[in-house]
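What follows is each chain in one-letter form.
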Amino acid sequence: MTDDQPVLAASIPVRPAATVMLVRDGDDGLEVFMLQRTHGAAFARGQYVFPGGKVDDADHGETFEPICDGLDDAPASQLLGLDHGGLAWLVAAVRECFEEAGVLLARPVDGDDVIRFDDPAVADRFNEARHQVYDGSLSLAELCTRERLMLMVDRMHLVDHWITPVGERRRFDTRFFVARAPEAQEPLHDDGETIASLWVRPADALRMWQDGELQMFPPTVMSLRFLQPHATAAAALAAAADVGVPEPILPKVQVDADGKVTGVIRPGEPGYDDASEPEYVIGFPR
């Protein structure tokens with residue numbers, strides 16, 4: 001793909017992705033962890049997001065079934081509304097959360113509680129592992145085997161499903177999950193793909209978005225609105241557990257005759273069914 005010739009929108013692949021809303025009980029109510037992506041990122045530059053990213057081929061590995069709590073691929077796929085391969089979305093969500101935020105949703109094989117990083121030696125060891133998993137020198141499965149861990153995929157709940165509109169340079173088929181943040185792990189941005197992080201009440205994040213303080217894509221805004229009514233992490237998780245399999249949301253980008261974006265409409269909004277999708281990727285010469 002070059003910047004000096006048009007690219008057919010239909011040629012852009014749709015990549016599977018997963019993201020996690022980590023929630024906790026703060027002093028003033030429910031809080032969620034958010035990251036700011038670097039201004040030089042290829043996708044979502046400068047945006048505030050939840051930890052997440054692409055589902056890698058390695059996330060589909062058969063080695064994960066024995067180290068995933070309570071789920072193998074068949075029930076995981078059913079929970080996600082897929083014929084097969086559902087476990088990979090959950091594995092990817094755990095892996096990306098570890099890589100981007102340093103939070104590992106896992107427990108020791110001989111315990112029921114999430115692993116603790118309040119011992120400095122343990123924290124240092126897993127911080128090193130975080131970077132090794134990111135650069136590919138250590139796989140998540142290898143880490144779990146070495147540390148005798150089980151991934152706590154059965155404590156994550158699917159709440160939303162968005163597909164990037166036709167016409168964007170990068171497109172993702174993203175499932176949004178909610179999970180309780182571990183008490184003895186402190187999330188932090190990686191200073192690579194992300195440059196800032198914060199714990200924030202959903203209502204405050206939405207106010208800052210409306211005031212222009214935080215940049216967010218519509219799926220992030222809608223996810224915050226899902227969390228906003230709930231006063232505690234337990235309430236948010238209970239609501240998430242009742243969602244079931246959400247219908248995928250595929251917005252449509254509206255463009256004018258020159259290919260400039262004039263708006264975005266979602267399913268159910270006036271004009272959606274009659275709106276045509278861009279023929280070419282937005283931002284390239286016509």
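Residues numbered from 1 in each chain as written. Predicted model: local features only at pLDDT ≥ 70, side-chain atom pairs only at ≥ 80, totals over all residues. Heavy atoms only, no water.

Okay, the packing of aromatic side chains next. Within this structure, the stated rule accounts for two aromatic pairs. With centroids separated by 5.4 Å and ring planes inclined at 55°, the aromatic side chains of Phe-33 and Trp-199 adopt a geometry described as tilted. Here the residue Phe-33 occupies a position in strand β2 (residues 29–37), and Trp-199 occupies one in strand β9 (residues 194–200), the gap between them amounting to 166 residues. Note on accessibility: Phe-33 and Trp-199 belong to one class, buried. With centroids separated by 4.9 Å and ring planes inclined at 25°, the aromatic side chains of Phe-117 and Phe-126 adopt a geometry described as stacked. Per residue, the accessibility class of Phe-117 equals that of Phe-126, and both read buried. One residue, Arg-175, lies across the ring of Trp-89, its end atom 4.7 Å from the ring centre. (Phe/Tyr/Trp six-rings, centres within 6.5 Å; stacked < 30°, edge-to-face > 60°. Helix = DSSP H or I, 4+ residues; strand = E, 2+ residues; numbered from the N terminus. Buried < 20%, exposed > 50% of the residue type's maximum accessible area, 1.4 Å probe, protein only. Lys NZ or Arg CZ within 6 Å of the ring centre and 35° of its normal.)

This part is about the environment of Glu-186. The topology assignment puts Glu-186 in the loop between β8 (171–180) and β9. Spatially, the C-alpha atoms of Glu-186 and Met-152 are 17 Å apart, while their sequence positions differ by 34 residues. The residues touching Glu-186, leaving out its near neighbours within four places in the chain, are Ala-101 and Trp-199. (Contact = heavy atoms within 4.5 Å.)

Attention now moves to the nonpolar core. If you look at the biggest cluster of nonpolar residues, it comprises 49 residues, and the most contacted ones within it are Leu-22, Leu-104 and Leu-151. No other element matches helix α2 (residues 86–101), which puts 11 residues into this core. Ignoring anything within four residues of it in the chain, the contact list for Leu-22 reads Glu-31, Val-32, Phe-33, Cys-97, Val-103, Leu-105, Ala-179, Ala-181 and Trp-199. Formed by 26 residues, the second largest nonpolar core is a distinct cluster that contains Met-21, Leu-206, Leu-224 and Leu-227. (Core = buried A, V, L, I, M, F, W, Y, C linked by side-chain atoms within 4.5 Å.)

This part covers the pairing of strand β1 (residues 14–26). Note: β1 against β8, 10 bridges, orientation parallel. Across the sheet, the residue bridging to Pro-16 is Asp-173, located in β8. Looking at chain direction, β1 and strand β4 (residues 52–54) are connected through three bridges and run antiparallel. Bridging across to β4, Ala-18 finds its partner in Gly-53. Alignment of β1 against β2, held across four bridges, turns out to be antiparallel. Directly across from Val-23, in β2, lies its bridge partner Val-32. Following β1, the chain reverses through two residues before pairing antiparallel with β2. (Pairing = 2+ DSSP bridges.)

Turning our eyes to something else, we now look at the layout of surface pockets. When its volume is computed, the second largest pocket comes out at roughly 320 Å³. If you trace the second largest pocket, you find 14 residues lining it, with Val-114, Met-152, Arg-155, Arg-180 and Pro-182 closest to the centre. A class-by-class count of the residues in the lining of the second largest pocket yields nine nonpolar, no polar and five charged. (1 Å grid on protein atoms, 1.4 Å probe; cavity = no way out; pocket = protein on both sides within 12 Å on 5 of 7 lines; lining within 4 Å. Points joined across faces, edges and corners; volume = space filled by probe spheres on them. Nonpolar A, V, L, I, M, F, W, Y, C, P; charged D, E, K, R; others polar.)

Here we take up the packing of α2 against helix α3 (residues 120–135). Contact geometry for α2 and α3: axes closest at 9 Å, N-to-C directions at 115°. Handedness of the α2/α3 crossing: left-handed. Together, Arg-95, Phe-98, Glu-99, Glu-100 and Ala-101 of α2 and Phe-126, Ala-129, Arg-130, Val-133 and Tyr-134 of α3 make up the contact between the two elements. Per-class residue counts for the contact of α2 with α3 are six nonpolar, no polar and four charged. (Axes fitted to C-alpha atoms, helices over the stretch in contact; angles between N-to-C directions. Left-handed = near helix turned anticlockwise from the far one by under 90°.)

Assignment of secondary structure puts Arg-175 in strand β8. Within the structure, the side chain of Arg-175 is placed 3.5 Å from the backbone oxygen of Leu-80, a separation counted as a polar contact. Residues contacting Arg-175, with those up to four places away along its chain left out, are Ala-17, Ala-18, Thr-19, Leu-80, Leu-82, Trp-89, Leu-158, Asp-160 and His-161. (Polar contact = N/O pair within 3.5 Å; in protein donor to acceptor, adjacent residues only side chain to side chain.)

Turning our attention to helix α5 (residues 202–210). Along α5, the positions that sit buried rather than exposed are Pro-202, Ala-205, Leu-206 and Met-208. One side of α5 carries all its buried residues, which in axial view fall inside an arc of 160°. Where the residues of α5 are buried, they touch β2, β9 and α6 (218–227). Positive backbone phi, approximately 85°, marks Gly-212, located one or two places after α5. (Arc of directions from axis to C-beta.)

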